[in-house]
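Fold and contact review
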Amino acid sequence: MRTDIVKIDRNNIDIKEMRHAGEIIREGGLVAFPTETVYGLGADALSAEASGRIYAAKGRPSDNPLIVHIAEFKDLAAIAQQVPSQAQALADAFWPGPLTMIVRKNSKVPYETTGGMDTVAVRMPSDPIALELIRQSGGYIAAPSANTSGKPSPTMAEHVALDLDGKIPLILDGGPVQIGLESTIIDLTEEIPMILRPGYITREMLTKVIGDVETDPGLIAADSDRKPKAPGMKYKHYAPKADLVLIDGDEEKVVAKINELTAEAEARGERVGIIGTDETIARYSRGEVVSIGAREDEDAIAQHLYRILREFDDLGVDRIYSESFATPRIGQAIMNRLLKAAGHQVLTV
Ligand code: AMP
Ligand code: MG
């Protein structure tokens, strides 16, 4: 299959191109598109066959449910058994935006879309290209991240092309995404709403709107027997090819430790990648050193993380040493992704 890559300017959207993209989805095909979080791989959410194509293209395990993207709040009621009381308040505060809500599904939503679950994940993205595609497609687009299963989520159309070229007919290229980490997932089917995946919308922000919010204990437990409630969180799926270790602690000590470990690895003949910050990169004398951004700039750290992991894959480094980024606001989400990529290998100095 030939994969077309079409550039779309989000400030001046080419409706003809979007109509064509919508048609592909209506006919059961796949379209990759930008959202503010990461690129998504979209299909008609109400078609079992179309959803099935997403799993095939990504090589995604069939028990890992998809997120259904809508463009109007009323469409939540059309696919949910009933709309939970907190949904309206959360939508008023955070939709369109990087928040996914889990509700009980009705019979319109096929089990192929929900990975066999009786609940469905729903989000209204804010990227105008995503919203236009949803409207053009008829209203309900199932879309996980547009990467091959096991790779970091794509934050640029080029990443999508590297993973899915020849497997899908169309990639809408809206340039680099704004946030760079997947949406926060909140489960509203529990007595107390529960965060199943941390993201840009933090627990504090959610609590301000709906009161008590819990965090899935399966998320925090690195090596306990407790399984995360979001099936996707159990996979080590943000993993680079290289062995990644996080070094945590006082900045001076972290830099010294990474320099020492890098020298040792290079002496063994290994290639090393280092993820530092604008403040530290000049102090690394060996290895392939990249800055993820200024330490104060949480948004930049989130935005650059997946691109850097992919670049180290392309360079073919054997080992990556990264500083740790438990920043105040989105640090929990950043560390959640990094810890998964590292298989929870952390060295505290
Ligand atoms: P992705 O869009 O690639 O980030 O994947 C969607 C994420 O949402 C995965 O981690 C899924 O496990 C999670 N998810 C989707 N639907 C549900 C659901 N009904 N219950 C729990 N988690 C879900
Ligand atoms: Mg994904």
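Residues numbered from 1 in each chain as written. Chains lettered and ligands numbered in written order. Predicted model: local features only at pLDDT ≥ 70, side-chain atom pairs only at ≥ 80, totals over all residues. Heavy atoms only, no water.

All right, on to the overall build of the protein then. Check the secondary structure of the protein and you find 11 helices and 16 strands. At 20 Å, the protein has a C-alpha radius of gyration in line with the 20 Å of a compact globule built from 349 residues. Over its C-alpha atoms, taken along the principal directions, the protein stretches across nearly 60 × 50 × 35 Å. Classification of the 349 residues of the protein by burial places 56% in the buried group. Contacts in the protein between residues far apart in sequence, at least 24 positions, make up 69% of those at least 6 positions apart. Surface summary for the protein: the accessible area is close to 14,400 Å², and the carbon and sulfur share equals 48%. Separation of charge centres in the protein, based on 39 positive and 52 negative side chains, amounts to 3 Å. (Helix = DSSP H or I, 4+ residues; strand = E, 2+ residues; numbered from the N terminus. Rg over C-alpha atoms; globule rule 2.2 N^0.38 Å. Buried < 20%, exposed > 50% of the residue type's maximum accessible area, 1.4 Å probe, protein only. Contact = heavy atoms within 4.5 Å. Areas by Shrake-Rupley, 256 points an atom, 1.4 Å probe, with all protein chains shown as cover. Lys, Arg positive; Asp, Glu negative; His and termini not counted. Charge placed at Lys NZ, Arg CZ, Asp CG, Glu CD.)

Of all residues adjacent to ligand 1, which total 21 residues, the nearest are Asn64, Thr119, Ser145, Arg197 and Gly232. Take Asn64: an N or O atom from its side chain is 3.0 Å from an oxygen atom of ligand 1. Arg197 places a side-chain nitrogen or oxygen 2.6 Å from an oxygen atom of ligand 1. Surface burial for ligand 1 is 96%, taken as the share of its 490 Å² of free accessible area covered by protein chains. (Near = heavy atom within 4 Å. Polar contact = N/O pair within 3.5 Å; in protein donor to acceptor, adjacent residues only side chain to side chain.)

Here we take up the sheet that holds strand S15 (residues 319-323). Taking strand neighbours across the sheet as the criterion, the five strands line up as S14-S13-S15-S12-S16 in an open arrangement whose pairing is parallel. Two strands bound the open sheet, and with one partner strand each, they are strand S14 (288-291) and strand S16 (346-348). For this sheet, the mean angle separating the axes of adjacent strands, direction not counted, is 20 degrees. Along the sheet face, helix H9 (residues 251-267) touches strand S12 (243-248), strand S13 (272-276), S15 and S16 and points at about 175 degrees away from the line of S15. (Pairing = 2+ DSSP bridges. Axes fitted to C-alpha atoms, helices over the stretch in contact; angles between N-to-C directions.)

What follows concerns the pattern of salt bridges. For the coordinates displayed, the defined rule picks out 24 salt bridges. Residues Arg53 and Glu49 are paired through a salt bridge, measuring 3.6 Å at the closest nitrogen-oxygen approach. Taken together, the residues Arg53 and Glu49, both in helix H2 (residues 48-58) and four residues apart, mark about one turn of the helix. When its relative accessible area of 58% is taken as the criterion, Glu49 is described as exposed. A salt bridge links Glu190 to Lys229; its shortest N-O distance comes to 2.4 Å. (Salt bridge = Lys/Arg side-chain N within 4 Å of Asp/Glu carboxyl O.)

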